[in-house]
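Results of the structural survey
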Amino acid sequence: QVQLVESGGGLVQAGGSLRLSCAASGRTYAMGWFRQAPGKEREFVAAFSRVGGITKYADSVKGRFTISRDSAKNTVFLQMNSLKPEDTAVYYCAASRVVSYSVPGNDEYDYWGQGTQVTVSS
C-alpha cells in the first residue's frame, strides 16, 4: 500500500507564496497535485509523467506554480507563487502507476494523500 504524506499548507496573503511537499512510500510513481475548493469539483493542478519527467499544468496556474521532485527521497513539491484568493482549496497529492512519457489522465491516479488546506486572503 502506497502512502502519500502532504505538508506545507497554510494561510497566506494574496501575492504570497507557499511550498507544498508530498512524500511517497514505496516505488517511484507518476505524481500530481489536485485541488478542491468548497462547493466545487476536484481539479487538476500539475503533474509529472513517470518516464522522462514531463510536466503539465492547469492553465489557471501556469507561470505561477512549479512542480518539482526529489527522486532520491520520492518526494514531489509544488511551489506556489503569486497566490490569488481563487487558489484557496484543499490540495491533494496523487500517485499513478501509469508508466508513460505522458502525464496520466485525471482518472488514472491510484493513490491519494489526505489533503492540505491552502487559504489565500485578499
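This report concerns the structure included in the present document. Fair warning: this is a prediction, and the values are worked out from it, not measured in the lab.

Considerations on the state of the cysteines
- A complete count under the given rule lists one disulfide for this structure.
- Cys 22 shares a disulfide with Cys 93; S-S distance 2.0 Å. One quick way to see it: the torsion about the S-S bond of Cys 22 and Cys 93 is about -80°, and its sign makes the bridge left-handed. Of this pair, Cys 22 sits in strand 3 (residues 18-24) while Cys 93 is found in strand 9 (residues 89-96), placing the two residues 71 residues apart along the sequence.
- In this structure Cys 22 comes out as buried when scored by relative accessible area, which is 0%.
- Residue Cys 93 is classed as buried on the basis of its relative accessible area of 0%.

Here we look at the packing of aromatic side chains
- Under the definition given, this model contains five aromatic pairs.
- Each ring, one from Tyr 29 and one from Tyr 111, has its centre 5.7 Å from the other, and the planes form 70°; the classification is edge-to-face. One end of the pair, Tyr 29, is in the loop between strand 3 and strand 4 (30-36); the other, Tyr 111, is in strand 10 (residues 111-112), with 82 residues separating them in the sequence.
- Overall, the relative accessible area of 8% leaves Tyr 29 in the buried class.
- Judged by its relative accessible area of 16%, Tyr 111 is buried.
- Each residue in the set Phe 34, Phe 44, Tyr 109 and Trp 112 is aromatic and connected to the rest through ring pairs, giving one cluster.
- In this structure, Arg 42 is placed above the aromatic ring of Trp 112, and the distance from its NZ or CZ to the ring centre is 3.8 Å.
- Over the ring of Phe 48 we find Arg 69; its NZ or CZ atom is 4.6 Å from the centre of that ring.

Analysis parameters
- Residues numbered from 1 in each chain as written.
- Predicted model: local features only at pLDDT ≥ 70, side-chain atom pairs only at ≥ 80, totals over all residues.
- Heavy atoms only, no water.
- Disulfide = S-S within 2.5 Å.
- Helix = DSSP H or I, 4+ residues; strand = E, 2+ residues; numbered from the N terminus.
- Buried < 20%, exposed > 50% of the residue type's maximum accessible area, 1.4 Å probe, protein only.
- Phe/Tyr/Trp six-rings, centres within 6.5 Å; stacked < 30°, edge-to-face > 60°.
- Lys NZ or Arg CZ within 6 Å of the ring centre and 35° of its normal.

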